[in-house]
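Chain residues, written in single-letter form:
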Amino acid sequence: MSSATNSEKDFHQTSKADLFTHPDFYQIDDLLSEEHKLIRDTVRDWVKKNISPIIEDAAQQAKFPHHLLRGLGEIGAFGPQLPLEYGCGGLDYISYGIIMQELERCDSGIRSTASVQGSLVMYPIFKFGSEEQKRKYLPKLATGELMGCFGLTEPDHGSNPAGMTTNFKDLGDHLLLNGAKMWISNAPFANIAVVWAKNEQGKIRGVIVERGMEGFTTPETHNKWSLRASATGELVFDNVKVPKKNLLPGVEGLKGPLTCLNSARYGISWGAIGAAMDCYNSALQYTKERHQFGRPIAGFQLQQKKLAEMITEITKAQLLAWRLGNLMNAGKATPAQISMCKRNNVDIALKIAREARQMHGGMGITGEYPIMRHMMNLESVITYEGTHDIHLLILGMEITGENAFQ
Ligand code: TGC
Ligand code: FAD
């Protein structure tokens, strides 16, 4: 079980109704199937009923709402893109994107939990795990009975994970794991961790570490101003004996974790649009209702410029994500295409959140509106899964053939 939990009664329920409907300026809904729309409606209804009423309080208290986990499993938020035979959703990548968008529309931290579980824990087990590992972990991860985290980043190796120092020795029937990971989403409550570490030959391998293994601890990271409703922590390995059967057999080298990041970055590309839409809707509503100088502020040109630019950027981001989803479905998406979409969509979402914050005037800094929470969350989203500048350099290398990283 998880190391620490709370329950629904620990969160104050707001009486404010969540009336979100998505803007669709370019009739992009026409590009979706009936199944996609049904999935969207189902997830949206569940989010409105279960997350919206408590999310502001969870963020203010900086507490992850553990009671949501089984419900997230029931609506198919964990590993929707993985096959039915392992208890997963068996859905396409557009459906996966839609689910991430609906979750992040409410809060990036909740989407983070689902991204990590589906793309960074379940996906590597599915893609690189043994049949025994798949049968043991995937069905329970899909329901939320088991939760996982992904350990790549270290205190001294963030953008450059190839330099990692976490390592293991092969001692016959078990591995001896030492080192530390930092900034790990879900770490404080995860039952298992997919950890990337170097073997004695300096090759990066994936290892499944279980809570309860001696020498394995997960201290929580406190005092974040961003993703406050998501639990972040460290993974510390002090001579942890990990059974050899917990090694992921199917991959060696940095391409292992980077392959998983492709899937998670894709999900973020859709997720960020959700946060942007929520900020846009709130700004549109507020400017229509708020009167200054004897008229709604929506009537002033400067406010209209901001709203018109917001919906333009949201629409462009939607089209980019939709096309990328189709490339993912066809198995044709390249890492650089994913970088472009993650980078662009998070960037526009953060800019929209900042503009929306100003349009709400003083009210924009309060928890009465979701704006400031989205804005602070997106400061992490633009940093994790590859920073804004790292994705620019990935694109630069793709188009010029020159490596500007080092
Ligand atoms: P480089 O030499 O370019 O590549 C090493 C090997 O990996 C292959 N490769 C990829 N494979 C699959 N997908 C990709 N996107 C790949 N990119 C590269 C490459 O072909 C090579 O394979 P091989 O067979 O030749 O060995 O590697 P590098 O050391 O120069 O680094 C490249 C760089 C900087 C782009 C990469 O390291 C990077 O992306 N850095 C950013 C780190 C990052 O994104 N960390 C994310 C941590 S997890 C996280 O933030 C989760 S937050 C989750 C949440 O809460 O939602
Ligand atoms: P650094 O790599 O130190 O970068 C600092 C600055 O230098 C950045 O602006 C960067 O763009 C720039 N920079 C670095 N290299 C170059 C270069 N070559 N050229 C130009 N500029 C450069 N990691 C996980 O493994 N698992 C998780 O679950 C996870 N969850 C996270 C949750 C949160 C809330 C946060 C904040 C982070 C999380 N991360 C996780 C870590 C995240 O992926 C890293 O923070 C990110 O990759 C950047 O690494 P860093 O923070 O060490 O920054």
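Scroll up for the structure.
Quick caveat, the model's predicted, so the values are computed rather than measured.

1. Observations concerning the pattern of salt bridges
Once the charged atoms of two side chains with opposite charge are near each other, the side chains can pair. According to the stated counting rule, one finds 18 salt bridges in the structure shown. Salt-bridge contacts for Glu85 lead to Arg135; the nearest nitrogen and oxygen are separated by 3.2 Å. Here Glu85 is found in the loop between α3 (69–74) and α4 (93–106), whereas its partner Arg135 is found in helix α6 (residues 131–143), with 50 residues between them in sequence. Since its relative accessible area comes to 53%, Glu85 is described here as exposed. Where salt bridges share partners, they join Asp18, Arg105 and Asp278 into one cluster.

2. Considerations on the packing of aromatic side chains
Taken as a whole, this structure holds 9 aromatic pairs when the rule is applied. Taken together, a centroid distance of 4.7 Å and an interplanar angle of 10° make the contact between Phe64 and Phe189 stacked. Pair noted here: Phe64 is in the loop between α2 (52–61) and α3 and Phe189 is in the loop between β3 (174–185) and β4 (192–198), with a separation of 125 residues, a long-range link. Owing to a relative accessible area of 5%, Phe64 belongs among the buried residues under this scheme. Each residue in the set Tyr93, Tyr96 and Tyr266 is aromatic and connected to the rest through ring pairs, giving one cluster. Just above the ring of Tyr369 sits the side chain of Lys16; from NZ or CZ to the centre is 4.6 Å.

3. Side note on the pairing of strand β1 (residues 148–151)
Side chains Gly148 and Phe150 of β1 all project onto a buried face; the interleaved residues Cys149 and Gly151 project onto the opposite face, where all are buried too. The pairing of β1 with β4 spans 4 bridges and is parallel. Note that in β4 the partner of Gly151 across the bridge is Val195.

4. Some words on the site of ligand 2
Taken together, 18 residues are adjacent to ligand 2, and Phe150, Thr153, Ser159, Trp183 and Thr387 come closest. Between ligand 2 and the protein, one listed contact pairs an oxygen atom with a side-chain N or O atom of Thr387 at 2.7 Å. Note that a nitrogen atom of ligand 2 is positioned 3.0 Å from one of the backbone N or O atoms of Phe405. In isolation ligand 2 offers 980 Å² of accessible surface; the protein chains occlude 67% of this area. For the shell around ligand 2, the elements supplying multiple residues, two or more each, are β3 and α11 (388–400).

5. A few points about α11
Helix length check: α11 (13 residues) gives 18 Å between terminal C-alpha atoms against 18 Å at 1.5 Å per residue, within 8%. Of all the residues in α11, the buried ones are Ile390, His391, Ile394 and Leu395. Down the axis of α11, the buried side of the element spans an arc of 140°, and every buried residue falls inside it. The exposed residues of α11 that point more than 90 degrees off its buried face are Asp389, Ile399 and Thr400. Gly401 occupies a position one or two residues after α11 and carries a positive phi of about 80°.

Reading the values: the criteria
Residues numbered from 1 in each chain as written. Chains lettered and ligands numbered in written order. Predicted model: local features only at pLDDT ≥ 70, side-chain atom pairs only at ≥ 80, totals over all residues. Heavy atoms only, no water. Salt bridge = Lys/Arg side-chain N within 4 Å of Asp/Glu carboxyl O. Helix = DSSP H or I, 4+ residues; strand = E, 2+ residues; numbered from the N terminus. Buried < 20%, exposed > 50% of the residue type's maximum accessible area, 1.4 Å probe, protein only. Phe/Tyr/Trp six-rings, centres within 6.5 Å; stacked < 30°, edge-to-face > 60°. Lys NZ or Arg CZ within 6 Å of the ring centre and 35° of its normal. Pairing = 2+ DSSP bridges. Near = heavy atom within 4 Å. Polar contact = N/O pair within 3.5 Å; in protein donor to acceptor, adjacent residues only side chain to side chain. Areas by Shrake-Rupley, 256 points an atom, 1.4 Å probe, with all protein chains shown as cover. Expected span 1.5 Å × (residues − 1). Arc of directions from axis to C-beta.

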